[in-house]
Amino acid sequence: MAVPFVDLKAQYAALKPEMDRAIQGVVDRCDFILGKELSAFEEDFARFCEVEHAIGVANGTDALRLGLLAAGIGPGDEVVTAANTFIATTEAISQTGAEFRLVDVDERTYNLNPALLEQAITPKTRAVIPVHLYGQPADMDPILDVARRHDLVVMEDACQAHGARYKGRRAGSMGHLAAFSFYPAKNLGAYGDAGAVATRDAALAQALGLLRNHGQKSKYEHVMEGYCSRLDTLQAAVLRVKLPHLDGWNARRRQVAAWYGERLADLPVVRPFVLDGVEPVYHLYVIRTEPRDALREYLSTRGIGVGMHYPISLPRTEAYQGRGFRSGQFPVTERVAGEILSLPMFAEMTLAQVDEVAGAIRAFFAGRA
Ligand SMILES: *Cc1c(COP(=O)(O)O)cnc(C)c1O
């Protein structure tokens, strides 16, 4: 039995009547830009994140970029983030004119190692972006503590962590700002590109409202130059249908993770580690094993969808050659890039599908013994 890496069709099938009605409603109203469903979704999503404001933007990368710009980050500034992240995090920093500095990750969680944060801070550092990678919040208390002492803006990259909790607090509610992506395969996914910034701060929310829409206070009244980065009303309508299901879907992902955990316990793979007090949402289920490439090949040829997040670490990626990163400077990030493997993970996954994947992994190791 083939098992896909994600199955977006299963989710649409379950929501079809409601979804089709919501999409048709936008088409009937023709309020495609900054329409009714967008402001309704922004209210719903802010409530979900347990913050005061959510501002819809075009994608998660823009959520990071506009969030930093709203906080006044720009040329001459430095922003610290995790070495193990998707390139969007560092792209967003560079695109404000600031420089990024990377910090290695905790080997257990693959998230920014708080013990290494302070040494990356220089007099130019203005902000830190903890990334809640794979759906597990970064260890925020020590990060917030360092940020407070150095007066840094904290922007959470929550693009993989919609609904996760850290010591009771929602991902996206702990920093000054948080960026979310609604890329279709994310835990909350649109039918195209979309993103949002969450914040408690009314002034930042107001700045973001201007930045995403050409600096317009009202039509053709431009108080500044901004960007064209609004969340489409059609996408907001899709997201609004899905949002009430998100906590349930995330609970299902934790169930799938528990099934995997039981079935892989006696095999030579490192399973996801969860920090005390953290409720992850398993955007990805990432294992680690030394014969990663052989296992990946084995599963792929059996029709099991697997991925690597990410196979080439940022310090080694081609775009960042010539930036002076030394081999061994980020030992954990560099090493795990060769060992991590993301298994199929989606809310609609069945026990039979988990059994199929786990059985194939077991057969792979039996064949090598
Ligand atoms: C998906 C993602 C982004 C970017 O989101 P887009 O909507 O694709 O622009 C940023 N950071 C992380 C960690 C992501 O996973």
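Above: the structure in question.
Cut-offs used in this document
Residues numbered from 1 in each chain as written. Predicted model: local features only at pLDDT ≥ 70, side-chain atom pairs only at ≥ 80, totals over all residues. Heavy atoms only, no water. Disulfide = S-S within 2.5 Å. Buried < 20%, exposed > 50% of the residue type's maximum accessible area, 1.4 Å probe, protein only. Helix = DSSP H or I, 4+ residues; strand = E, 2+ residues; numbered from the N terminus. Expected span 1.5 Å × (residues − 1). Arc of directions from axis to C-beta. Contact = heavy atoms within 4.5 Å. Near = heavy atom within 4 Å. Polar contact = N/O pair within 3.5 Å; in protein donor to acceptor, adjacent residues only side chain to side chain. Areas by Shrake-Rupley, 256 points an atom, 1.4 Å probe, with all protein chains shown as cover. Nonpolar A, V, L, I, M, F, W, Y, C, P; charged D, E, K, R; others polar. Salt bridge = Lys/Arg side-chain N within 4 Å of Asp/Glu carboxyl O.

A.B. asks: Explain the state of the cysteines residue by residue, including any values.
C.D. replies: The tally for this structure, following the rule as stated, stands at zero disulfides. Distance from the sulfur of Cys 159, which forms no disulfide, to the nearest cysteine sulfur (Cys 49) is 11 Å. Residue classification places Cys 159 among the buried residues on the basis of a relative accessible area of 8%. Note on Cys 228: no disulfide assigned, nearest cysteine sulfur contributed by Cys 30 at a separation of 19 Å.

A.B. asks: Let's hear about helix H11 (residues 351-368): which residues, and what values?
C.D. replies: Over its 18 residues, H11 runs 26 Å from end to end, which matches the ideal 26 Å to within 8%, given 1.5 Å per residue. The complete set of buried residues in H11 reads Gln 353, Val 354, Val 357, Ala 358, Ala 360, Ile 361, Phe 364 and Phe 365. What you see down the axis of H11 is that its buried residues fit within an arc of 150°, all on one side. Opposite the buried face of H11, at more than 90 degrees from it, the exposed residues are Ala 366 and Gly 367. Where the residues of H11 are buried, they touch helix H8 (246-264), helix H9 (292-301) and strand S14 (340-343).

A.B. asks: So what's going on with the site of the ligand? Which residues, and what values?
C.D. replies: Neighbouring the ligand are 13 residues, the closest being Gly 60, Thr 61, Gln 160, Ser 181 and Lys 186. A distance of 2.6 Å separates an oxygen atom of the ligand from a polar atom in the side chain of Ser 181. The fraction of the free accessible surface of the ligand (380 Å²) that becomes covered by protein chains is 92%. Those elements giving two or more residues to the shell around the ligand turn out to be helix H3 (60-70) and helix H4 (87-95). Per-class residue counts for the shell around the ligand are four nonpolar, seven polar and two charged.

A.B. asks: Tell me about the pattern of salt bridges, and name the residues and values.
C.D. replies: Tallied over the entire structure, the rule returns 31 salt bridges. The shortest N-O distance in the salt bridge between Arg 335 and Glu 107 comes to 3.0 Å. Highlighted residues: Arg 335 in helix H10 (residues 331-336) and Glu 107 in the loop between strand S3 (99-103) and strand S4 (125-129), separated in sequence by 228 residues. You can call Arg 335 partly exposed: its relative accessible area is 37%. The exposure class assigned to Glu 107 is partly exposed, which follows from its relative accessible area of 32%. Among the ionic pairs, Asp 293 bridges to Arg 296, the shortest N-O distance being 3.3 Å. Of this pair, Asp 293 and Arg 296 both sit in helix H9, three residues apart, roughly one helical turn. According to the relative accessible area criterion, Arg 296 is partly exposed, its value standing at 29%. Among the charged side chains, a salt-bridge network with shared partners connects Arg 29, Asp 31, Glu 37, Asp 44, Arg 47 and Arg 240.

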